[in-house]
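Structural features, examined
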Amino acid sequence: MWLKPEEVLLKNALKLWVTQKSNCYFILQRRRGHGEGGGRLTGRLVGALDAVLDSNARVAPFRILLQVPGSQAYSPIACGATLEEINQHWDWLEQNLLHTLSVFDNKDDIASFVKGKVKALIAEETSSRLAEQEEEPEKFREALVKFEARFNFPEAEKLITYYSCCCWKGRVPRQGWLYLSINHLCFYSFFLGKELKLVIPWVDVQRLERTSNVFLTDTIRITTQNKERDFSMFLNLDEVFKIMEQLADVTLRRLLDNEGFDLDPGLQEPSQITKRDLEARAQNEFFRAFFRLPRREKLHTVLDCSLWTPFSRCHTAGQMFTSDSYICFASKEAGCCKVILPLREVDLFIEKMEDTSLLPNPIIVSIRSKMAFQFIELRDRDSLVEGLLARLKLVHADHPVHYDTTLDEELSREQIKVSLWNDHFAEYGRTVCMFRTEKIRKLVAMGIPESLRGRLWLLFSDAVTDLAAHPGYYGNLVEESMGKCCLVTEEIERDLHRSLPEHPAFQNETGIAALRRVLTAYAHRNPKIGYCQSMNILTSVLLLYAKEEEAFWLLVAVCERMLPDYFNHRVIGAQVDQSVFEELIKEQLPELAEHMHDLSALASISLSWFLTLFLSIMPLESAVNVVDCFFYDGIKAIFQLGLAVLEATAEGLCSSKDDSQAFMVLSRFLDHVKNEDSPGPPIGSHHAAFSDDQEPCPVTDIADLIRDAYEKFGDQSVAQIEHMRCRHRIRVLQGHEDTTKQNGEEHMMSCYWEQPRPMAPRHDPSRPYAEQYRIDAQQFARLFQLVSPWTCGAHTEILAERTFRLLDENMDHLIEFKAFVSCLDIMYNGEMNEKIKLLYRLHIPPGDTIDYQKQLKQMIKDLAKEKDKTEKELPKMSQREFIQFCKTLYSMFHEDPEENDLYQAIATVTTLLLQIGEVGQRGSSSGSGSQEGGEELQASAPSPSSEQDLVFAETDTGQSPQASQAFPEEAQGDWTVSLEHILASLLTEQSLVNFFEKPLDIKSKLENAKLNQYSLKTCEMSRQSQPELKLSSP
């Protein structure tokens, strides 16, 4: 590797380096102790020094120095891990630079010329390795070389970043380097001659957490199935932990089938992921969660600024966030002020005001509801405004605005109870662009008036923007989806009459029909989610307070951005939040957590709280107040209300004897949460009938419960919740991967291990996963027919038997999954020589069992002759084995588009090889044998020497079986050909080369295998039953 030239003093280098060769301008040196046997103390000390100081020695024990005659300063310009690598650089210098340097008279010119040339070479290599994407390309490039040399991963394994740290082994820290790649966490240390390499795949990480030990207050602990590893002494532990979380999360999401997950497009291709991408992804996720925006929103800029807040008569310091379709502001003081400005609400201009000392770099953003927002202290104001105007034009071009002013007319007719909200609208704004402060949170906690509830839900969730941006979209969905019958529509029909059956609105066909249309339209819009239970309860409540189309867009907002990953068959999002809820219980209610040893019981009880937002377990008039808080504060409101419920029932929960009693305690409490301000008649919860009211239960007002929730448990920020979600998501996804593996194991057992076959000897869970399961010859033959690309008609079964015998190295009549996959890898992805070598091995022992003793003696004889060779050569092939080899090739070419050309080519090659075999034949033999053999191969399929190798009854050349003649037997002496003979002969025919080098698609083959596995099994069973039918027939 070429290095950026930096001057060093030779007298210091001599202590650690030994000169190997030199000329008048360059010196090639070897690290002292490298390559010296006996483990000399010098080498050990140098290795320890290298690890501590992180020099290039351990990874690059060779280097080349630039020496300018008459100068005491030397510059390293290249390093290498092996002598061959460094010699390549040395040869390049001698061939391209050495003779050129003699023309320079000035030594400074020589140094400048060489350094410039080396830097150009570095730039050329850097551009091809994407190293320029990193903050420090040169250092990253050096770390990349070390990573590749130390861990020897495939080229596709991209290094993301690296850190200096300690890995704790018991109470002993090992100083070294931590490498984070797209699929692995790697640690390397070398100290006093002891090398430590640690590789942890991200898919094996079950828990990632920050903890402390006896010696250090802050460490990163990585837990896998078998071990725990602690890492510490990071320069920036927060940064390292966030990158680890992102990598583990992305890897596990990609491992599962991405259903319900929308990874950023930049993360879909692992080889293109960089540290910046991961940091941007984390920032994007926080931005979307904090402002509860659609997942498609991409954050563009984050700028410090101040916003004029009329209610406080001053500028409020905070940050501006700009994305594809939004301008957002959040004050630095938590909860003080938050603003969301959809660009479709902004006028077609954003004005730059005059820059003054009182108003530095100001801009004015005007919206259509006659409000203006003044931002000041913006850096790079011109480029910001230019970008906003460009995106503003795109938004208005895609979605023409039809501004709705009905809110003013409705509010003017509101009763006196909404006067407080009217006053707030007048001061803080009445659209989605309103100032969101602590005052509005208090109003929401008191309960939104009935007449404003639907409209404010639309504003708080920003569903109003989607509604205005997609006119006619819902109507088209209803037309496309209604009348279609499928599994989803059947589930919807089954649940329609279970949705708020006690409410008058859903006791007639009008309400039921509206609910059916909304649910069916959403299932048609988002087939990945389709329909899940609890969506019917949520949608029915939305329809009570919003129009049908508005309810649809509210459902979109809840399912796709406010409760991400909740409504799918895995309910990943709900499980993650259940884990977060358990952690919050331990933090906020430690006494209850200590008494309830198994918090998973509370988690299972509270799952419906999250899925239905308390709608199914609390009286409706009280639950809608919870939904008010949810639309304003998001999932944080459900967390804090859940904690308030547990605190209120802590005494009863602690005295409960089992889970069922705890369930009754919570049910009775929630059934008696009332809303004294509700104008309508009380409507009970879905499970009120299950409550045991033998003893009177005190009534709790929902307003008091929500107030307690905000006062006692409202200190959790969105950033803290998102951080906990990310940490627990790793564990939940890992659990789903384990479940997927277990289901795959059960499916494999049901498909390939019919009872009463013993399964225990074929499953060893203590082994690596790819080696846990083993299959016998019959099961292997079935899999081979399904997934092998070498389909040979009737000959496929014979080829499968040969392959099984070859893979069964220990001759226990069972092979591992790993061996099967390795064989498939050669068939699909191997080079031509690898494929031919595999075919060759299939036709000699152990692939071929005929004359095994004779062949074994020959193998022993060959091994004795070649015992001095480092690589064992394959035994030569006899004439009978060669004939079977040719049969296999003939059968592989059947039904190929180039079938005729392939037949002619293999006939030519066969004739040539028969002649080669006869030339080397020992003893006397007739000279016409090869020609006859070649003609017989061209004419028709041969008559095999054993029943198991019967392939053809007739060939596709048009000749009848009577024209077939047998291949000559092996009675003519030691007729043999080698793998090299066969490979060289096949390479002479381009059609054969094309056949073995054409790309093969294993993905489509596997898809077909999934569809055909049961039909193949049925065919086998029917074939097995045919002899029985014949025996039973008269």
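What you see as residue numbers is a count from 1 along each chain, following the sequence as written. With the structure being a predicted model, the display of local features is reserved for residues of pLDDT at least 70 and the display and counting of side-chain atom pairs for 80 or more, all residues being used for whole-chain, interface and lining totals. To obtain the side-chain values, all non-hydrogen atoms of the structure were used and water was disregarded.

Focus: the overall build of the chain
- The secondary structure listing takes helices from DSSP runs of H or I that are at least 4 residues long and strands from runs of E that are at least 2 residues long, numbered from the N terminus. When you go through the chain residue by residue, the secondary structure sums to 38 helices and 25 strands.
- When a residue's accessible area, from a 1.4 Å probe over protein chains only, is under 20% of the maximum for its type it is buried; when over 50% it is exposed; and in between it is partly exposed. Counting the 1034 residues in the chain, one finds 50% classified as buried.
- Considering only residue pairs separated by 6 or more positions, the chain has 66% of its internal contacts joining residues 24 or more positions apart.
- Taken as a whole, the chain presents about 49,900 Å² of accessible surface, with 52% of it coming from carbon and sulfur. For this analysis, residues touch if any pair of their heavy atoms sits within 4.5 Å. Only the protein chains shown count as cover for residues, and all accessible areas are computed by the Shrake-Rupley method using a 1.4 Å probe.

A few points about the pairing of strand β14 (residues 314–323)
- Whether two strands pair depends on DSSP finding at least two bridges between them. Sheet analysis places strand β13 (residues 299–309) next to β14, joined by ten bridges and oriented antiparallel. When the sheet's bridge partners are listed, L303 is paired in β14 with M320.
- Joining the antiparallel neighbours β13 and β14 is a turn of four residues, in which R313 adopts a positive phi near 55 degrees.
- As paired elements, β14 and strand β15 (residues 326–331) share five bridges and run antiparallel to each other. Paired with T322 across the strands is I327, a residue of β15.
- In textbook terms, the turn of a hairpin is the stretch between consecutive antiparallel strands, and for β14 and β15 this stretch comprises two residues.

Topic: the UniProt feature "domain: EF-hand" (unreviewed entry) in the chain
- UniProt positions are given in the numbering used here, feature names are shortened, and annotations may be inferred rather than shown by experiment. Listed under "domain: EF-hand" (unreviewed entry) in the UniProt record, and renumbered for this structure, are residues 795–830.
- Secondary structure over residues 795–830 splits into 69% helix and 6% strand, and the C-alpha atoms at its two ends are 22 Å apart.

Some points on the packing of aromatic side chains
- Any pair of Phe, Tyr and Trp rings, taking the six-membered ring for Trp, is counted once the centres come within 6.5 Å. Such a pair is stacked with planes under 30 degrees apart, edge-to-face with planes over 60 apart, and tilted for the rest. Here the structure, examined in full by the defined rule, presents 41 aromatic pairs.
- Plain terms: the ring middles of F147 and F153 are 5.6 Å apart, the flat faces sit at 35 degrees to each other, and that makes the pair tilted.
- Given a relative accessible area of 1%, F147 falls into the buried group.
- By the ring-pair criterion, three or more aromatic residues cluster together here, those being F286, F287, F290, F291 and F321.
- Throughout this description, the term charge over a ring refers to an Arg CZ or Lys NZ atom that lies within 6 Å of the ring centre and within 35 degrees of the ring normal. Above the plane of the ring of F290 lies K338, whose end atom (NZ or CZ) is 4.9 Å from the centre.
- Sitting over the face of the ring of Y545, R453 holds its NZ or CZ atom 5.1 Å from the ring centroid.

Considering the sheet that holds strand β11 (residues 219–223)
- Across the sheet, which stays open at both edges, the seven strands sit in the order β9-β8-β7-β6-β12-β11-β10 with antiparallel pairing between neighbours. Looking along the sheet, the strands with just one partner apiece sit at the ends: β9 (194–201) and β10 (207–211). For this sheet, the mean angle separating the axes of adjacent strands, direction not counted, is 30 degrees.
- In terms of strand pairing, strand β6 (residues 159–169) meets strand β12 (residues 228–232) through three bridges, oriented antiparallel. Bridge pairing links C167 to F231 in β12.
- Between N-to-C directions, angles cover 0 to 180 degrees, with each direction set by a line fitted to C-alpha atoms, over the stretch in contact for helices. Here helix α5 (residues 137–151) sits on the sheet in contact with β6, β7 (172–181), β8 (184–191) and β9, set at roughly 60 degrees to β6.

Re the confidence of the model for the chain
- Each residue carries a pLDDT score, the predictor's confidence in it, ranging from 0 to 100. When pLDDT is averaged along the chain, the result is 77; 76% of the residues meet or exceed 70.
- Every residue in residues 752–760 scores below 50 in pLDDT, and together they form 21 contacts with partners more than four places removed in sequence or on other chains.
- The low-confidence segment residues 866–871 (pLDDT under 50) makes zero contacts with residues lying over four places distant or belonging to another chain.

Thoughts on the pairing of β6
- Counting buried positions along β6 yields eight of eleven residues, so the element is predominantly enclosed.
- The sheet contact formed by β6 and β7 spans ten bridges and is antiparallel. By the bridge assignment for β7, C167 is matched with R174.

Points about the packing of helix α30 (residues 817–829) against helix α31 (residues 832–842)
- Their axes nearest at 8 Å, the elements α30 and α31 cross at an angle of 130 degrees. One finds that α30 runs oblique with respect to α31. Here α30 and α31 pass one another in a crossing that is left-handed. Two secondary-structure elements touch here, α30 through C823, I826, M827 and Y828 and α31 through E834, K835 and L838.
- When grouped by side-chain class, the residues that make up the contact of α30 with α31 number five nonpolar, no polar and two charged. Orientation categories follow fixed angle ranges, with anything under 35 degrees roughly parallel, anything over 145 roughly antiparallel, 65 to 115 roughly perpendicular, and all other angles oblique. Here is the rule for handedness: rotate from the far helix to the near one, and if that takes an anticlockwise turn smaller than a right angle the crossing is left-handed, while a clockwise turn gives right-handed. The nonpolar class holds Ala, Val, Leu, Ile, Met, Phe, Trp, Tyr, Cys and Pro. Asp, Glu, Lys and Arg form the charged class, and all remaining residues, Gly among them, are polar.

Some details on the pattern of salt bridges
- Think of a salt bridge as a Lys or Arg side-chain nitrogen and an Asp or Glu carboxyl oxygen that are within 4 Å of each other. Within this structure, the stated rule accounts for 29 salt bridges.
- Where R441 meets E438, a salt bridge forms, and the shortest distance between an N and an O atom there is 2.8 Å. Of this pair, R441 and E438 are both found in helix α11 (residues 438–446), three residues apart, which corresponds to roughly one turn of the helix.
- Take E438: its relative accessible area is 35%, and that puts it in the partly exposed class.
- Each of D249, R281, E285 and R729 takes part in a single network of salt bridges with overlapping partners.

Comments concerning unusual backbone geometry
- A positive phi angle, close to 50 degrees, is found at R292, a residue other than glycine.
- You can see R292 is positioned in the loop between α7 (275–291) and β13.
- Despite not being glycine, M811 has its phi angle at roughly 55 degrees, a positive value.
- Secondary-structure assignment places M811 in the loop between α29 (796–807) and β23 (815–816).

Remarks on α11
- Residues of α11 that are buried: I440, R441, L443, V444 and A445.
- Where the residues of α11 are buried, they touch α10 (419–428), α12 (450–461), α22 (620–633) and α26 (702–713).

Digging into the side chain of R150
- One can find R150 in helix α5.
- Contacts described as polar in this section are N or O atom pairs within 3.5 Å, which, within protein, must combine one atom able to donate a hydrogen with one able to accept it, while residues neighboring in sequence count only if both atoms come from side chains. Within polar-contact distance, the side chain of R150 engages the side chain of Y179 at 2.4 Å.

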